[in-house]
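# A look at the structure
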Amino acid sequence: MENLPQICVDTSDAFITTERFGTREEVIRWIKDVGIDNKVTVIISRPDTETGKRGRSNKLIFGCDKCGKHKSTDSGTQSASKKCGCPFKIRSTPAKDGSGWKIDVKCGLHNHGLPDRLEGHSFIGRLTTNEKKHVANLTKRHVPPRHIFLSLQDRDPENVTRITQVYKHKSVIQKEIRGPRSEIQHLFKLIEDANYVYWSRKKDDSEVVRDIFWAHPDSVKLLNIFLIVLVMDSTYKTNKYRQPLFKIVGMTSTELTFAVTFAYMESEQTENFCWVLEKLKELFVKKDLCPQVILTDRYLALMKAIEIVFPRSINLLCRFHINKNVGAKCKQHVVNDLQKTIDTLWMEVVWASDEVEYGQRLHQLEQACVNYSGLINYVKDTWLTPHRHRFVGAWINRVLHLGNTTTNWVESAHWKLKQMLGNIIGDMVKCWEAMNNNLRLQLGNIRASFQKSFYEVEHAHISPFYGYLRGSVSRAALRRIAEELLRVDYVGTNRKICDCTLRTSYGLPCACELGRYALGGIPIPIDVVHVHWRKLTMEVELEVGADDGSEVDMTCAMDELWKRFRSLDVTGKRALKSRVCELAYPTMTPLCPPPEKLKTKGGVKKKGKKLAEYDVYRDPSIMNGNCGFRVIASLHGYGEDGWSIVRRELGLKIIDKDRSTLYDKLFSNRLSEVRESLMIESFGSQPPEKWLTLPDKGYLIANRYNVVLVCLGNSCMTFFPMTSSHSPNVYIYCIGFVNQSHWVQVNMK
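What counts and what doesn't
Residues numbered from 1 in each chain as written. Predicted model: local features only at pLDDT ≥ 70, side-chain atom pairs only at ≥ 80, totals over all residues. Heavy atoms only, no water. Core = buried A, V, L, I, M, F, W, Y, C linked by side-chain atoms within 4.5 Å. Buried < 20%, exposed > 50% of the residue type's maximum accessible area, 1.4 Å probe, protein only. Helix = DSSP H or I, 4+ residues; strand = E, 2+ residues; numbered from the N terminus. Contact = heavy atoms within 4.5 Å. Pairing = 2+ DSSP bridges. Axes fitted to C-alpha atoms, helices over the stretch in contact; angles between N-to-C directions. Patch = residues over 30% accessible without salt bridge, like charges linked within 9 Å, V, L, I, M, F, W, Y side chains within 5 Å. Areas by Shrake-Rupley, 256 points an atom, 1.4 Å probe, with all protein chains shown as cover. Salt bridge = Lys/Arg side-chain N within 4 Å of Asp/Glu carboxyl O. Polar contact = N/O pair within 3.5 Å; in protein donor to acceptor, adjacent residues only side chain to side chain. Phe/Tyr/Trp six-rings, centres within 6.5 Å; stacked < 30°, edge-to-face > 60°. Parallel < 35°, antiparallel > 145°, perpendicular 65-115°, else oblique. Nonpolar A, V, L, I, M, F, W, Y, C, P; charged D, E, K, R; others polar. pLDDT = per-residue confidence, 0-100. 1 Å grid on protein atoms, 1.4 Å probe; cavity = no way out; pocket = protein on both sides within 12 Å on 5 of 7 lines; lining within 4 Å. Points joined across faces, edges and corners; volume = space filled by probe spheres on them.

An unreviewed UniProt entry annotates the chain as MULE transposase domain-containing protein of Pisum sativum.

A few words now on the nonpolar core. Counting 38 residues, the largest nonpolar core has Leu 469, Ile 481, Leu 508, Ile 524, Val 529 and Trp 533 as its most contacted members. Of all elements in the fold, only strand 9 (229-235), strand 10 (245-251), strand 12 (293-296), helix 15 (408-421), helix 17 (475-485), helix 18 (488-491), helix 20 (501-506) and helix 21 (511-520) reach the threshold of two or more residues within this core. With residues near it in sequence (within four places) discarded, Ile 481 still touches Tyr 466, Leu 469, Leu 508, Pro 509, Leu 514, Ile 524 and Val 529.

Looking now at the sheet that holds strand 7 (residues 197-202). Spatial ordering of the open sheet is given by 7-8-11-10-9-12-13, a layout of seven strands whose pairing is mixed. On the outer flanks of this sheet lie strand 7 and strand 13 (314-317), each paired with one strand and no other. Averaged over all neighbouring strand pairs, the angle between strand axes comes to 20°, with direction disregarded. Two strands pair when backbone bridges link them, and strand 9 and strand 10 are joined in this way by six bridges, in the antiparallel orientation. Along strand 10, the bridge assignment pairs Leu 230 with Gly 250.

On to helix 6 (residues 183-193). Counted residue by residue, helix 6 has eight buried out of 11 residues, so it is predominantly covered. Buried residues of helix 6: Glu 183, Ile 184, Gln 185, His 186, Leu 187, Phe 188, Leu 190 and Ile 191, and no others. In the core, the buried residues of helix 6 are packed alongside helix 5 (163-178), strand 7, strand 8 (209-215) and helix 16 (428-455). A positive backbone phi angle near 60° is found at Asn 195, which sits one or two residues after helix 6.

Taken together, Met 554, Met 558 and Trp 562 make up a surface patch of nonpolar side chains, about 330 Å² in accessible area. As for its position among the elements, Met 558 is in helix 22 (residues 555-567).

Attention now moves to the environment of Glu 268. In this fold, Glu 268 is placed in the loop between strand 11 (257-264) and helix 8 (270-281). For Glu 268, a relative accessible area of 27% translates into the label partly exposed. Note: C-alpha distance between Glu 268 and Phe 246 (22 residues apart in sequence) is 9.0 Å. Sequence-distant contacts of Glu 268, defined by excluding residues within four places in its chain, comprise Ser 234, Tyr 236, Pro 244, Phe 273 and Ala 301. Within the structure, Glu 268 has its side chain in polar contact with the side chain of Ser 234 (distance 2.9 Å).

Another aspect to go through is the packing of aromatic side chains. Under the defined criterion, the tally for this structure stands at 16 aromatic pairs. The interplanar angle of 75° and the centroid separation of 6.1 Å between the aromatic rings of Trp 214 and Tyr 264 together place this pair among those described as edge-to-face. Placement of Trp 214 in strand 8 and of Tyr 264 in strand 11 is noted, with a sequence separation of 50 residues between them. Among the residues examined, Trp 214 registers a relative accessible area of 1% and is labelled buried. For the ring pair Trp 346 and Phe 391, a centre distance of 6.3 Å and an interplane angle of 35° mean the geometry is tilted. Note that Trp 346 is positioned in helix 11 (residues 336-350) and Phe 391 in helix 13 (residues 373-391), a separation of 45 residues in sequence. For Trp 346, a relative accessible area of 3% gives the class buried. Taken together through their ring pairs, the aromatic side chains of Trp 346, Trp 383 and Phe 391 make up a single cluster.

Moving on to the packing of helix 25 (residues 643-654) against helix 28 (residues 696-705). At their nearest, the axes of helix 25 and helix 28 sit 10 Å apart, and the two run at 90° to each other. Judged on the interaxial angle alone, helix 28 and helix 25 are roughly perpendicular. Counted together, Val 646, Glu 649, Leu 650, Lys 653 and Ile 654 of helix 25 and Leu 700, Ile 701, Asn 703, Arg 704 and Tyr 705 of helix 28 form the full contact between these two elements. Its residues placed into classes, the contact of helix 25 with helix 28 shows six nonpolar, one polar and three charged.

Moving on: unusual backbone geometry. A cis amide bond links Leu 694 to the next residue, Pro 695, at an omega of 10°. Relative to the assigned elements, Pro 695 resides in the loop between helix 27 (671-678) and helix 28. Of note, Cys 500 is a non-glycine position whose phi angle comes to about 55°, a positive value. Within the fold, Cys 500 resides in the loop between helix 19 (495-498) and helix 20.

Our focus in this paragraph is the sheet that holds strand 4 (residues 89-94). Sheet architecture is open: four strands sit in the order 2-3-4-5, paired in antiparallel fashion. The open sheet terminates on both sides in strands that have one partner only, identified here as strand 2 (42-48) and strand 5 (101-107). Direction aside, the axes of adjacent strands within the sheet are offset by 25° on average. As judged from the six bridges shared by strand 4 and strand 5, these two strands associate in the antiparallel manner.

Considering every residue of the chain, the mean pLDDT works out to 82; 88% of them sit at 70 or more. Looking over the chain, one finds the lowest element-wise mean pLDDT in strand 14 (residues 614-617), namely 35, and the highest in strand 13, namely 95. Low confidence marks residues 598-622, where pLDDT is under 50. Its contacts with residues over four positions away, or in another chain, come to 43 contacts.

Going through the model one piece at a time under the given rule, you end up with 23 salt bridges. Among the salt bridges present, the one from Arg 480 reaches Glu 255, with a minimum N-O distance of 2.8 Å. Separated by 225 residues along the polypeptide, Arg 480 in helix 17 and Glu 255 in the loop between strand 10 and strand 11 bring together distant segments of the chain. A salt bridge links Glu 458 to Arg 479, with the shortest nitrogen-to-oxygen separation between them at 2.8 Å.

Before going further, it helps to spend a moment on the environment of Leu 678. Within the secondary structure, Leu 678 is located in helix 27. Here Leu 678 falls in the buried class, since its relative accessible area comes to 4%. For Leu 678 and Trp 691, which are 13 residues apart along the polypeptide, the C-alpha to C-alpha distance reads 8.2 Å. Excluding anything up to four places from it in sequence, Leu 678 contacts Phe 629, Arg 647, Leu 650, Gly 651, Ile 654, Lys 697 and Leu 700.

Here the focus is the layout of surface pockets. When its volume is computed, the second largest pocket comes out at roughly 750 Å³. Contributing to the lining of the second largest pocket are 21 residues, with Tyr 198, Trp 199, Ser 200, Glu 582 and Leu 583 lying nearest its centre. The set of elements that each furnish at least two residues to the lining of the second largest pocket consists of helix 6, strand 7, helix 22 and helix 23 (570-584). A total of six residues in the lining of the second largest pocket trace back to one element, the largest contributor, which is strand 7. Residues of the lining of the second largest pocket, tallied by class, amount to 12 nonpolar, two polar and seven charged.

The structure is reproduced here in structure tokens:
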């Protein structure tokens, strides 16, 4: 203690006690609590337990967290250490008289100052058991980490935990929940547990997911109850793979929207849309069912797919976006003084009630745009000539669209979903969880709206005139009828004046009909209201068609499957079994997500040590013997979780009949050894003989993926594809071997 520096803090008195403690846990708890009260972070520097062996006895040696010596490194990275050789030392052993554990302060001095607060301290800021439970409960409810952190501080104002600890524990929770399952395996497990209906398909010659489609069981039921109108639209920036999310929305009798289904698509091509719509078709319990009206934006690929899959459905276009596009075009071509006039004339064209009025309004618009040929040509060529029957009132007023003339319903649903997601860097599991939670809230609101229409009566509908409708028709329908009733004084019973839009577009009695009932002094009959508005529950058993081939009996199919299985040879049986197992055990699927699409703006943060002429990016995966295959999977677009696919594909490459002679020459009598090294029995850690080694695997990788493989490390090697002609556009995969035990991806400067 003669070598102590000038700073010297004595905390001996705080730890000196004659108290005896029953267990070692009580000793540890008491010393650490006293340390916190005195701004000292006490750690166990040496524990010992009596085992009967020589030199082993029950004792605990406590020290300050700043004990030990600072070790300097020449790693080239910024580092820091709290170690300063603090001499603080406390020894605790059981008393010889058996009265319990005693405490002996060997040195209560510190060669450093003590902090005013322990906030931000890595040890003191650890979450307690109760705090971990609190974080877990709030995480299940998708509370953002910043709010969880504030909640912890509200529970204990003296809490010195930082938000970093919350993030770390959330990560631990997610890893514990997912376990060894890959992202797609865990996604399928969640979907299966929630009884979703789902389909997926993969890219040709790979295990990468191409499209995924899923629908909640209650959404399927609502679809079959309310199938008159469906609204379809895509949204973006919902996942780290940047795949567009295609959403289909329906509308209930209470004018609340429900998400029918979600689909992540590889691209927005007609073929992708056709696949999604074909899966939507399979959700109908009867084969002859289809939506009467499908409302979309002007997605030509989607419109083409609707014509193919639902030829009997009427495809309307969103008025809101059409008007917005025309307004933007008007600002480009027309001077400010005339913009408002032309906008008004355009709206009169859109809202024209019949074809005669449409012709008149269009002629007026043409006269106003006589000096603006660019605008009028755009309006005609892009919208009116090819699509007027999809959005102009003269045509769509004859269609039962239930008031759905814009896709704003589905865009509102997109907004709510994105609010639930919080950010756009989540994987498919996080996205599904947000959608599922959003659906649960949505379905609860729908059930409540049904009950309100059934039990509650609005004051405006107390009149005997609505006597047959109260409790049997949704309140949304009654409000529209009440609004239409205000026109009776002007319309009377004259159909020509009425135009009957409410009847043709909504399936509700229009002004001239209401005038006849009022004149006759009779209440509105229930059967004049379209059946859509009379459905006030979703707790109904859906009728399955018995004579249209849509029954759900699988007996014949299973018998045929067994018959086919018995007729095959061993290889055929294995192939059929693997296909059946993909259906029977979805959580064991080899599918992997698409490659992450990185941002093209901003710098990339480089992690790890800088080598001679290239930067090494550390593989975040655990060093469990699969790291080499993880790197290849990531480079090839499978994602790190696709490492097992790489192993299987390389194994298949060896037994390829067309290349068997080549690999016999390459590996000679080691062929079976190389093949065995690619086969694994579990997803855990692998022994060294199962690791990615060179040059054997280098030849296979270059040939299987038709790439140039550059390997950097103690001995640098380059492998060219041997089974294809050279191409200047061939991809170069660069990997590095570090610490004699780990493969990493290398990004060349």
